[in-house]
Amino acid sequence: MSDIYDLAILGGGPAGITAAIYASRARLNTIWIDKNFAPGGQVTATYAVDNYPGMPGISGMDLGEAFGAHARKLGLEPQREKILSLENISGEIKTIRTKKHEYQAKSLILAFGAEHRKLDIPGEDDLSGLGVSYCATCDGAFYKDRTAVVVGGGNVAAEDAVFLSGLCERVYLVHRDALRADQTLQEKIFACENIEMVWDSVPLEILGQDEVTGLKIRNIKTNEERELTADGVFIAVGIVPNTTLVKDQLKLDENGYICAGEEGVTSAPGVFAAGDIRTKALRQIVTAVSDGANAVASAQKYLWRKDNGND
């Protein structure tokens, strides 16, 4: 492609969608790229979103679609392509390569988001899709009237356990320490009679041959090992930022997140980070949306300075 865009937005979650909306309203010449066909990123895997203002209880899929519909109303649709490489991102003209195209832009907003962290224990990879899942809302229906194990102690794990309790006969929630989930979610867990807490425990192995039959765990206080009989294991132990494409080009923190404050400014001129991919204390839909808006404002300032010779 011969066009040099003012801005390239990479990613289609809440941060990327918001950035696209704000860039359109700012009349920036923008290319927007996302490999996923459903708008919303990780939002789509959330059963019910209770903390996004004005939309209490909306499903993640519906919220993602609402975000996408807002963008489409402005005539915005991302190029549905997988990005293979980012080149010269510290230079004045940055290059984005996909399988079919090469795009060039004066500035970038990185909104690749994050993906589910794995346990890295025996059986996890072999039984993925055969009883091992990272999305309770996607796969929970397969375990109606059966037994499931959720591993984790944050909001996602708590949401998964509560969601599965409405389908499963029994749900084990395995965690090594005190729950980190919001108090309202903890109250829901403790109110569910078919959720059994398995405290002070870590997973050792996912059991089964052709399908999951259970989870082997160890109590970290007593060192006792035991097996939980279960038909499905749902893993919710955090996320890993999708920073592979820039890990050698931008400053990252010790956990692989792009070092960037609220304005989204990264270590490379004209490159901004938004959403779960950047360093911050709270990774929520509402903060991702804020990041998308802030990143566009920062990109505008950068482009204005470049156009006016104020580097």
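Conventions we followed
Residues numbered from 1 in each chain as written. Predicted model: local features only at pLDDT ≥ 70, side-chain atom pairs only at ≥ 80, totals over all residues. Heavy atoms only, no water. Helix = DSSP H or I, 4+ residues; strand = E, 2+ residues; numbered from the N terminus. Rg over C-alpha atoms; globule rule 2.2 N^0.38 Å. Contact = heavy atoms within 4.5 Å. Buried < 20%, exposed > 50% of the residue type's maximum accessible area, 1.4 Å probe, protein only. Salt bridge = Lys/Arg side-chain N within 4 Å of Asp/Glu carboxyl O. Core = buried A, V, L, I, M, F, W, Y, C linked by side-chain atoms within 4.5 Å. Phe/Tyr/Trp six-rings, centres within 6.5 Å; stacked < 30°, edge-to-face > 60°. Lys NZ or Arg CZ within 6 Å of the ring centre and 35° of its normal.

Novice: An account of the overall build of the protein is needed here, citing residue identities and associated values.
Specialist: The helix and strand tally for the protein stands at six helices and 16 strands. The C-alpha radius of gyration computed for the protein amounts to 21 Å, which stays within 12% of the reference 19 Å derived for 311 residues, consistent with globular compactness. Each principal axis of the C-alpha distribution contributes one length, and for the protein these read about 65 × 40 × 35 Å. Sequence-distant contacts, at least 24 apart, represent 57% of the contacts inside the protein between residues at least 6 apart.

Novice: Kindly report on unusual backbone geometry, identifying the contributing residues and their values.
Specialist: In this model, Asn 88 sits at a positive phi of 55°, which is unusual for a non-glycine residue. Tracing the chain through its elements places Asn 88 in the loop between β3 (83–87) and β4 (94–98). On the accessibility criterion, Asn 88 (48% relative accessible area) is partly exposed. Positive phi, close to 70°, is recorded for Asn 223, a residue that is not glycine. The class of Asn 223 is exposed, set by a relative accessible area of 51%.

Novice: Tell me about the pattern of salt bridges, and please be specific about residues and values.
Specialist: Applying the stated criterion across every chain yields a total of 15 salt bridges. A salt bridge links Arg 80 to Glu 77; its shortest N-O distance comes to 3.5 Å. According to the relative accessible area criterion, Glu 77 is partly exposed, its value standing at 45%. Between Asp 231 and Arg 146 there is a salt bridge, with the nearest N and O atoms lying 3.6 Å from each other. With Asp 231 in the loop between β13 (225–229) and β14 (232–235) and Arg 146 in the loop between α3 (136–139) and β8 (147–151), this pair connects stretches of sequence that are 85 residues apart. On the basis of relative accessible area, Arg 146 is assigned to the partly exposed category, the value being 32%.

Novice: Before we move on, could you go through the environment of Glu 159 and cite the residues and values that matter?
Specialist: Locating Glu 159 in the fold gives a position in helix α4 (residues 155–165). Along the chain, Glu 159 and Thr 46 lie 113 residues apart, while their C-alpha atoms are 8.2 Å from each other.

Novice: Can you lay out the nonpolar core for me, pointing to particular residues and giving the numbers?
Specialist: Within the largest apolar cluster, 30 residues are counted, with the highest numbers of intra-cluster contacts made by Ile 9, Leu 63, Ile 109 and Ile 285. In terms of residues, this core owes the most to one element, helix α6 (residues 285–307), which gives eight residues.

Novice: Provide a residue-level description of the packing of aromatic side chains, including the pertinent values.
Specialist: The tally for this structure, following the rule as stated, stands at three aromatic pairs. Note on Tyr 52 and Phe 67: the rings are 5.7 Å apart at their centroids and 75° apart in plane angle, and the pair reads as edge-to-face. In this pair, Tyr 52 is assigned in the loop between β2 (30–33) and α2 (60–73) and Phe 67 in helix α2, connecting sequence segments 15 residues apart. An identical accessibility class is assigned to Tyr 52 and Phe 67; each is buried. Aromatic side chains Tyr 143 and Phe 234 sit 5.4 Å apart centroid to centroid with 85° between the ring planes, which places their arrangement in the edge-to-face category. Taken together, the residues Tyr 143 in the loop between α3 and β8 and Phe 234 in strand β14 connect sequence positions 91 residues apart. Comparing Tyr 143 with Phe 234, the two get one shared label, buried. Its guanidinium or amino end placed over the ring of Tyr 257, Arg 283 lies 3.7 Å from that ring's centre, counting from NZ or CZ.

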